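This is what each chain is made of:
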Amino acid sequence: MGRSKSFDEEAVLDQALQLFWERGYEATSVSDLEAHLGLGRQSLYNTFGDKHELFLKALQRYRQHVGEAAVAGLNAADAGLDAIRDFFRWSVDFLTHSGPRRGCMIVNTIAELGPQDPDALLHCTHAREVLERSFRRALTGAKARGEVSRNLDVEATATLLTAQNYGLVPMAKTGATAGELHAAVEALLSRIQ
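Just so we're clear, the structure is a prediction, and the values are computed from it rather than from any experiment.

A. How the structure looks around the overall build of the protein chain. Assigned secondary structure in the protein chain consists of nine helices and zero strands. In the protein chain, the succession of helices and strands from N to C terminus is α-α-α-α-α-α-α-α-α. Each of the three principal axes of the protein chain carries a C-alpha extent, and together these read 65 × 35 × 30 Å. Residues classed as buried in the protein chain amount to 44% of the 193 residues present. Accessible surface, the protein chain as shown: approximately 10100 Å² in total, 52% of it carbon and sulfur.

What follows is the structure, given as C-alpha cells:
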C-alpha cells in the first residue's frame with residue numbers, strides 16, 4: 001500500500017505558480033522547484049508530472065484565479081464603459097504595485113515561449129479569447145446605453161483594448177508609472193466615447 005501524500009497539492013501548485021510567474025519557464029529548473037516547494041523530484045513527478053506538465057497546471061491555475069477574477073466586472077449584466085475603465089484601473093494597479101513587477105503570466109509566457117510550446121500557447125490563446133470576448137460584452141452594453149458612438153466597431157475595439165492591456169505589461173515591467181499607464185488608457189478610452 002502506497003504512502004499518503006503529506007502535502008497540500010493546491011498549496012504546492014500555488015507555490016509553483018509563483019515561482020514560474022517570477023522566473024519564467026526556462027529559468028526555473030526542477031532543482032529550483034524542489035527547493036522552493038520543499039518536495040523531492042519523485043513526489044513532484046508522481047503528483048504533477050514533469051516540469052512542463054507542472055508549468056501547464058500552474059498556467060491554468062493563473063487563468064482561473066487571476067484571469068477569471070479580472071474579467072468578472074466586464075461580464076456583469078450591466079457592464080459598459082465604467083466596467084472597462086474599472087478593468088484597466090485594476091490592471092494598471094496590478095502591474096505597478098510595489099514590489100517585483102512580474103507582469104502578467106499569460107503575456108510573459110507568450111513572450112518567452114511563443115509558438116515553440118503549442119500547449120502553453122493554447123492556454124494563452126484561450127486567455128486572450130476570454131479577455132477579448134469580455135471586452136466585446138462590455139462594449140456591446142456601452143453601445144446599447146449610448147456610452148460610446150453608435151458607429152463603434154465592437155469587434156475591432158475589443159481587439160484594440162486587448163492589445164492595449166497586453167501592451168501595458170512590458171511598459172510596467174520596464175518602469176512606467178501607474179500615472180503614465182492610467183493616462184495612456186484614458187487617452188484610448190476617450191477616443192471610443
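Alright, that's what it looks like, and here's the rest.
B. Main features of the packing of aromatic side chains. Inspection of the entire model under this criterion finds 10 aromatic pairs. Between phenylalanine 87 and phenylalanine 135, the aromatic rings sit 5.3 Å apart at their centres with planes inclined by 85°, giving edge-to-face as the arrangement. Highlighted residues: phenylalanine 87 in helix H5 (residues 81-96) and phenylalanine 135 in helix H7 (residues 118-144), separated in sequence by 48 residues. With a relative accessible area of 0%, phenylalanine 135 lands in the buried category. Both rings, one in tryptophan 90 and one in phenylalanine 94, keep their centres 4.8 Å apart while their planes meet at 15°; by these two values the pair is stacked. Residue tryptophan 90 and its partner phenylalanine 94 are both found in helix H5; the two are separated by four residues, about one turn of the helix. Accessibility expressed as a relative area gives 23% for phenylalanine 94, which makes it partly exposed. Three or more aromatic residues joined by ring pairs form one cluster here, namely Trp21, Tyr62, Phe87, Phe88, Trp90, Phe94 and Phe135. Lying over the aromatic face of tyrosine 25, lysine 51 brings its terminal NZ or CZ to 4.2 Å of the ring centre.

C. Region of interest: the environment of leucine 122. Structurally, leucine 122 is set in helix H7. Residue classification places leucine 122 among the partly exposed residues on the basis of a relative accessible area of 49%. In this structure the C-alpha to C-alpha distance between leucine 122 and alanine 11, which are 111 residues apart in sequence, comes to 25 Å.

D. Geometry of the side chain of threonine 157. Here threonine 157 shows up in helix H8 (residues 154-173). Apart from the residues within four sequence positions on either side, threonine 157 is in contact with Leu139, Leu152 and Ile192.

E. Representation of the pattern of salt bridges within the structure. Considering all chains together, one arrives at nine salt bridges under this definition. One salt bridge in this structure joins glutamate 155 and arginine 136, with 3.6 Å as the shortest N-O distance. Taken together, the residues glutamate 155 in helix H8 and arginine 136 in helix H7 connect sequence positions 19 residues apart. Take glutamate 155: its relative accessible area is 47%, and that puts it in the partly exposed class. Note that arginine 145 and glutamate 147 form a salt bridge whose closest N and O atoms lie 3.4 Å from each other. Looking at arginine 145, the relative accessible area reads 42%, which means it is partly exposed. In this structure glutamate 147 comes out as partly exposed when scored by relative accessible area, which is 28%. Among the charged side chains, a network of salt bridges with common partners joins Glu10, Asp14 and Arg61.

The rules behind the values
Residues numbered from 1 in each chain as written. Predicted model: local features only at pLDDT ≥ 70, side-chain atom pairs only at ≥ 80, totals over all residues. Heavy atoms only, no water. Helix = DSSP H or I, 4+ residues; strand = E, 2+ residues; numbered from the N terminus. Buried < 20%, exposed > 50% of the residue type's maximum accessible area, 1.4 Å probe, protein only. Areas by Shrake-Rupley, 256 points an atom, 1.4 Å probe, with all protein chains shown as cover. Phe/Tyr/Trp six-rings, centres within 6.5 Å; stacked < 30°, edge-to-face > 60°. Lys NZ or Arg CZ within 6 Å of the ring centre and 35° of its normal. Contact = heavy atoms within 4.5 Å. Salt bridge = Lys/Arg side-chain N within 4 Å of Asp/Glu carboxyl O.

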